[in-house]
Structures are given as C-alpha cells and as structure tokens.
Amino acid sequence: MSTTSNARLRRLRQHAGLRAMVQENQLQVQDLVLPLFIKAGLKEPQPIQSMPGCYQLGLAHLDDEIDACVSLGLKAVILFGIPSHKDATGGASWQADGIIQQAIMRIKRRAPAMLVITDVCFCEYMDHGHCGVLSGEGDAASVDNDATLPLLAQQAVSHAKAGADIVAPSGMMDDMVTVIRQGLDAAGYQQTAILSYAVKYASCFYGPFREAAEGAPQQGDRRTYQMNPANAGIGLREAQQDLAQGADAIMVKPGMPYLDMVQRLKAQHPGVPLAVYQVSGEYAMIKAAAQQGWLDEVEAMMESLLCMKRAGADIIISYFSKQVAEQLRHTK
Ligand code: PBG
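Below is a summary of the structure that appears in this document. (Residues numbered from 1 in each chain as written. Predicted model: local features only at pLDDT ≥ 70, side-chain atom pairs only at ≥ 80, totals over all residues. Heavy atoms only, no water.)

1. Here's the deal with the environment of Leu62
Heads up, the rule is: To qualify as a helix, a DSSP run of H or I must reach at least 4 residues; to qualify as a strand, a run of E must reach at least 2; elements of each kind are numbered from the N terminus. The contact rule is simple, with two residues in contact once any of their heavy atoms fall within 4.5 Å.
Topologically, Leu62 is positioned in helix H2 (residues 62-72). The sequence separation of Leu62 and Ile234 amounts to 172 residues, and the corresponding C-alpha distance is 39 Å. When near neighbours in sequence (up to four residues on either side) are disregarded, Leu62 contacts Leu36, Ile38, Leu57, Ala103, Arg106 and Ile107.

Okay, structure coming up:
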C-alpha cells in the first residue's frame, strides 16, 4: 500500500492523556455567566415550565442562590427584573428601590466578589412588552428610538448606582451605547463597563424567556429593531458601531445557530471580549430531548458550550452554568 505522506492524524487520538494534551479549547468556570430572574413580591421560587430547572426568584431566595453560585466557583450573574407594576414608559426600571436595584445591592452585600451584570431593557417593564417606548396609535405604533435613549441611560445609571459592575443593553436601539456611556460618566460611573448585545437577532429561540421574564410583546414583534436571521454583514456593522460608541465588550445572541457570527467577530476584533448567549430556547431544546431520552443531557450541554469557545467566544451566558460548574469540578 502506498500512502501519500507519513502524517497519520489518528496517532494523536490514541490515548486519553494525549487527547487532553492536544485539546485546543477548554470550558472554564470563569467563562460562565448565570442568568437570574428576580420577581418583585415572590414568596417562593416559581418554576419556569418551559425551562426545566430554572426558577423566578424573590429577593428572599436570592441569598441561597448566590451562595450556591459561590460554592460552585461561578464568578458572574446577569440579572433580569420582573416588576410588580408595568407602565408605558417603564418607570419601575430605574427606581432606586426597584426590584433589580434591590437585587444588585443584596448580591453585593452577600458576595462582594460576585460580578453583577444587568440586562438593560424595557420589555419587562413596559405594559406593551416592547423594548422601548411606542409612538403612534394601534397598528401604526412603533418603537421610538430616540425617545427611548434617555430612559435607557437613566435605567443604566440606576443599576450602576446600586452596584452593578457591567450593564448590558439588549434593546438594539441605535446609539444606545453612546447615551449610556455619557450617562454613566456624567453620574460618576466611569468604571462601569458596557457589554452590548450588539449582534442580536429576531429569534424564535427566545420563546421560553418570554415566560421567564414576562415580557412578550402584546402586539407585533421585534423585527423593527432586532436583526434578520438571514443577515451577517449588518451584524459586523452593528458590532463596529457599538465599539466606536465605547462598548467594552460585545455579544452575539442566540448562540448555536449563530456561531458563524462569533467566528467572524472574533477574527475582526481579536482584542474585544466576545460574549455569546445560549438562549432559553437552546436550553429548552436540550432539556426536552434529554427528558425524552433522545440526547445525553450532560454531553449535549458540554459539547454545545465547548463549541462556542472553539468559535471564538470568551464569555458564555447559559442557563446551564451551575450544572456546567458542577461538571467541571467532577472532571478536574
Ligand atoms: C431583552 C432580552 C431578551 C432575552 C434577553 N434579553 C428577549 C428578547 O429580546 O426578546 C432573551 C434571552 C433568552 O431567550 O434566553 N430584554
């Protein structure tokens, strides 16, 4: 038999130790961010039906959750607030004693080293469920970009005041990073970082999140502000703009169907920390298949997240974060 070269690629796959030695990417506990849903007035943790293993939490149960995160070695959480009262302009989102502000203060008291990231958006706070204020009536109503901007800055500043380390605007408003940066600086929060949901698609994979955060649009959808899943080039422009406006880090969302964007953005901006969000629908799919016995849950969880690292992600937001941390500890 004649072979064309002496390279035999299976040679390096023969032993577990050798496979581990030549492994290019690793999931690490410090890469992970756990999303938490904090609901005003909730007495007991409320299971989220479409996200098995996830709960809406009241302030009273936050300490236990944070203790669990700390003991697993998790370094960061991202917070979503569900207020007791919604209105047309999202006033509950920037109150000094609002649900999210109280949650931030509570976490910082309990675990000062825990990195607190906050989602900055209005869909959970406005009665119509859109990510910004509406102008126009009925079918002609649309999200008013420039009327939303100062409110976003106000919300972000209130998070910083409460102790948030990183604010993460997710509403896909043009110029949102500029106004938030200006607002933070003017209020004395020059050190508060901005992680922009720069490349965020209008995706059906957010379905279960709408139950978790109670922020489904009452009418219409988000396609006038979130990106068309068919498009890649515009995502590069979104990222470029947000960086020019002062974003410290950027995010791609959802994760698994959009890893091409992760790879492109890492190649274009190698020095910029890049986050990827494995969203609620991705989590739900793995959980559902595992419940049916069709996929191995732990293997599917680990592989889906490791592949995000291979694509170029530095930071991974996942509802599996606690389970992954546990797994990483076992395999040490
Ligand atoms: C907006 C926001 C959403 C998610 C995170 N931030 C919902 C949306 O844009 O419609 C979705 C996250 C997920 O599905 O896990 N505040």
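Next comes the rest of the description.
2. Thoughts on the packing of helix H8 (residues 259-268) against helix H10 (residues 297-311)
To keep it simple, the criterion reads: As a rule, the C-alpha atoms of each element are fitted with a line to give its axis, helices using only the stretch in contact, and angles between N-to-C directions run from 0 to 180 degrees. Roughly parallel covers angles under 35 degrees, roughly antiparallel covers those over 145, roughly perpendicular covers 65 to 115, and oblique covers all other angles. Residues are grouped as follows: nonpolar covers Ala, Val, Leu, Ile, Met, Phe, Trp, Tyr, Cys and Pro; charged covers Asp, Glu, Lys and Arg; every other residue, Gly included, is treated as polar.
Packing of H8 against H10 leaves a shortest axis separation of 8 Å and a crossing angle of 30°. Relative to H10, the element H8 lies roughly parallel. Contact with H8, carried on its side by Leu259, Val262 and Gln263, involves Cys307, Met308 and Ala311 of H10 and no other residues of that element. Residue classes in the contact of H8 with H10 are distributed as five nonpolar, one polar and no charged.

3. Focus: the side chain of Gln56
Rule in force here: Between buried and exposed lies partly exposed: a residue is buried under 20% and exposed over 50% of the maximum accessible area for its type, with that area taken using a 1.4 Å probe on protein chains only. What qualifies as a polar contact is a pair of N or O atoms within 3.5 Å, subject to a donor-acceptor requirement within protein and to the restriction that residues adjacent in sequence count only when both atoms come from side chains.
Here Gln56 shows up in strand S3 (residues 55-57). For Gln56, a relative accessible area of 4% corresponds to the buried category. A distance of 3.1 Å separates polar atoms of two side chains, one belonging to Gln56 and the other to Glu214.

4. Considering the pairing of strand S9 (residues 193-200)
Quick note on the threshold: By definition, two strands form a pair when at least two bridges between them are found by DSSP. A clockwise course of the path from the first strand over the helix to the second, judged with the strands pointing away from the viewer, identifies a crossover as right-handed.
Among the eight residues in S9, seven count as buried, and that is most of the element. With two bridges joining them, strand S8 (residues 166-169) and S9 adopt parallel strand pairing. Among the inter-strand pairings, Val167 is bridged to a residue of S9, identified as Ile194. In this fold, the crossover linking S8 to S9 by way of helix H5 (residues 176-186) has right-handed handedness. With four bridges joining them, S9 and strand S10 (residues 249-253) adopt parallel strand pairing. Across the sheet, residue Val199 finds its bridge partner in S10, namely Val252.

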